[in-house]
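So the chains spell out like this:
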Amino acid sequence: MKNIKPECLPVDKKRRQLMKWLAITGGVSTLGGMMPTSVFAADDDEIRIGYWPIVGGLPLYVALEQGFFKQAGLNVKGVKFASAQQIVEGMITGRIHGCANGTATGALGLGAITSPGLFKIICSNPSNHTLVLDEFLVPLNSPAKAISDLKGKKIACGPGIQNVTMAKIILEKNGFTNPSVIELPVGQHAPALAAGQIDGVYTLEPTGTVGRMKNLSRTLETGVISKYVLGNADAPWFGGAAALNASFIASKPEETKKFIAAYQKAVEFIAAHPDKARENVAGYTSIEPALVKEVPLPGFVMYPDLKGDNLQWFQKFYDVFTERKIFSKPVDVASLIYQG
């Protein structure tokens, strides 16, 4: 196999792009020690894929654990990050070669604005009230029966601009005025509810399952993005996606094809064997092996099917970021999708 080296931008350009990114997101550079050290030291042939520890990253977990990448002759390593923003920063600086499903598409959109031509989406993970990923939780003993009952309470969400924006929209649609939210790592959501540190949280699976099975929290509502942000409870919310750096695709076309084929094999495995696939969630997220059978799964759509209604709903989600002025300019989703 040919050596695969991290694609690196010229130093000055890299620094300028990262500074632009941080200015847009209000984030803090991970180059000072927050980024996992495993990103810096790697074998020459290693393909590093960033992931956020939620169920949305399942295709990567499956492909790694079932050996689909190895069968394709690829040396792929999953690199865990604390937020989607950190993942995209890693892609901008060339320290990882792409990202897994579950990486916030809002963060990817900001990355595309900051660094045009940065990546191409190979798969996305739609969810709604039946394909559960997003949810609103409260403490087990909370008297709240609806999100509107939480006015004046402490509300949290996951880290990053997409989570904060979505949480605020949900609260606004439920009658809150100028809502504020606390950013917490997803692994702290259920414990924080149980400890009384927060009164509600917008979060993603497997947090709801962990909270329910451990009697730490209860689910107030699922599919909240489709209902409150997209305005249709049945609409697919394309809130996460897997992507490869465009420079990797251009410089390693054969490895790209093999990677995408193995990733698609994982998506097909999930559809055909959901219970078996769930077992791969343990070890990559906060859920324990004994509880994985209870975890709901989002959908997974490979790039050839990101068209028609799927593309329209995806674009509508991006338009929300433009309307909210999170995006400095409109982002055309179709231009970001891989065209094999």
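So, a few notes on the structure that sits alongside this text. (Residues numbered from 1 in each chain as written. Predicted model: local features only at pLDDT ≥ 70, side-chain atom pairs only at ≥ 80, totals over all residues. Heavy atoms only, no water.)

Attention now moves to the nonpolar core. Side chains that are nonpolar tend, in soluble globular proteins, to be buried together. Ranked by size, the top nonpolar core spans 103 residues in total, and within it Tyr202 and Tyr263 carry the most contacts. Looking at this core element by element, the count peaks at eight residues for helix α11 (residues 253-272). Contacts of Tyr263, omitting those with residues within four sequence positions, involve Pro59, Leu60, Phe69, Ala100, Asn101, Ile122, Cys123, Ala242 and Met302. Among the nonpolar cores identified, the runner-up in size contains seven residues, and Leu137, Leu184, Ala192 and Val201 belong to it. (Core = buried A, V, L, I, M, F, W, Y, C linked by side-chain atoms within 4.5 Å. Buried < 20%, exposed > 50% of the residue type's maximum accessible area, 1.4 Å probe, protein only. Helix = DSSP H or I, 4+ residues; strand = E, 2+ residues; numbered from the N terminus. Contact = heavy atoms within 4.5 Å.)

Before going further, it helps to spend a moment on the packing of aromatic side chains. Summed over all chains, the structure comprises 13 aromatic pairs. Taken together, a centroid distance of 4.4 Å and an interplanar angle of 10° make the contact between Tyr61 and Tyr284 stacked. One end of the pair, Tyr61, is in helix α2 (residues 58-65); the other, Tyr284, is in the loop between α12 (274-278) and β11 (301-302), and 223 residues separate them in sequence. Across the pair, exposure class does not vary: Tyr61 and Tyr284 are buried alike. Site record: aromatic cluster; members linked through ring pairs are Trp237, Phe238, Phe314, Phe317, Tyr318, Phe321 and Phe327. (Phe/Tyr/Trp six-rings, centres within 6.5 Å; stacked < 30°, edge-to-face > 60°.)

Time to look at unusual backbone geometry. The omega torsion across Glu205 and Pro206 is 20°, close enough to zero to call that bond cis. Phi is positive for Asn178, which is not a glycine, with a value near 45°. Note on Asn178: relative accessible area 73%, which makes it exposed.

This next bit is on the sheet that holds strand β7 (residues 182-183). The strands making up a sheet are joined through hydrogen bonds of the backbone, oriented either antiparallel or parallel. Spatially, the five strands line up as an open sheet ordered β7-β6-β8-β5-β9, and their pairing is mixed. The outermost strands of the open sheet, each flanked by one partner alone, are β7 and β9 (217-222). With two bridges joining them, strand β6 (residues 155-157) and β7 adopt parallel strand pairing. Along β7, the bridge assignment pairs Cys157 with Glu183. (Pairing = 2+ DSSP bridges.)

This paragraph deals with empty space enclosed by the protein. If you roll a probe as big as a water molecule over the atoms, it shows you where there is empty space left. As enumerated under the stated definition, the model contains two cavities of 30 Å³ or more in all. There is about 90 Å³ of room inside the largest cavity. Considering the residues around the largest cavity, the lining is formed by 14 residues, among which Gly102, Gln162, Leu204, Trp237 and Gly239 are closest to the centre. Of all elements in the fold, only β3 (98-104), β4 (119-127), α6 (161-173), β8 (200-204) and β10 (237-245) reach the threshold of two or more residues within the lining of the largest cavity. Per-element tally for the lining of the largest cavity: the top contributor is β10, with three residues. (1 Å grid on protein atoms, 1.4 Å probe; cavity = no way out; pocket = protein on both sides within 12 Å on 5 of 7 lines; lining within 4 Å. Points joined across faces, edges and corners; volume = space filled by probe spheres on them.)

Of all nine residues that make up β4, eight are buried, and the element is covered over most of its length. One ladder, built from seven bridges, connects β4 with β10; its direction is antiparallel. What sits directly across from Phe119, in β10, is Asn245. Pairing of β4 with β11 involves two bridges; the strand directions are antiparallel. Along β11, the bridge assignment pairs Ser124 with Val301.

This next bit is on the sheet that holds β3. With mixed pairing, six strands are arranged side by side in an open sheet as β2-β1-β3-β10-β4-β11. Two strands close off the open sheet at either side, each with one partner strand: β2 (75-80) and β11. Pairing of strand β1 (residues 46-51) with β2, which is carried by six bridges, proceeds in the parallel orientation. Following the sheet pairing, Ile49 is matched in β2 by Gly78.

Attention now moves to the pattern of salt bridges. According to the stated counting rule, one finds five salt bridges in the structure shown. Lys227 is the partner of Glu221 in a salt bridge, and the nearest nitrogen-oxygen pair spans 3.0 Å. Judged by its relative accessible area of 40%, Lys227 falls in the partly exposed class. Asp275 is the partner of Arg278 in a salt bridge, and the nearest nitrogen-oxygen pair spans 3.0 Å. Taken together, the positions of Arg278 and Asp275, both in helix α12 and three residues apart, correspond to about one turn of that helix. When its relative accessible area of 14% is taken as the criterion, Arg278 is described as buried. On the basis of relative accessibility, which here comes to 56%, the residue Asp275 falls in the exposed class. (Salt bridge = Lys/Arg side-chain N within 4 Å of Asp/Glu carboxyl O.)

Let's shift gears to the side chain of Thr256. Within the secondary structure layout, Thr256 lies in helix α11. Here Thr256 falls in the buried class, since its relative accessible area comes to 1%. When residues no more than four places from it in sequence are discounted, the contact partners of Thr256 are Leu244, Phe248, Ile249 and Tyr338.

Among the eight residues that make up α2, six are buried, leaving the element largely enclosed by the rest of the structure. Taken together, the buried positions of α2 are occupied by Leu58, Pro59, Leu60, Tyr61, Val62 and Ala63. In the core, the buried residues of α2 are packed alongside β1, α3 (68-71), β2, β3, α11 and α12. Trailing α2 by a residue or two, Gly67 shows a phi angle of about 80°, which is positive.

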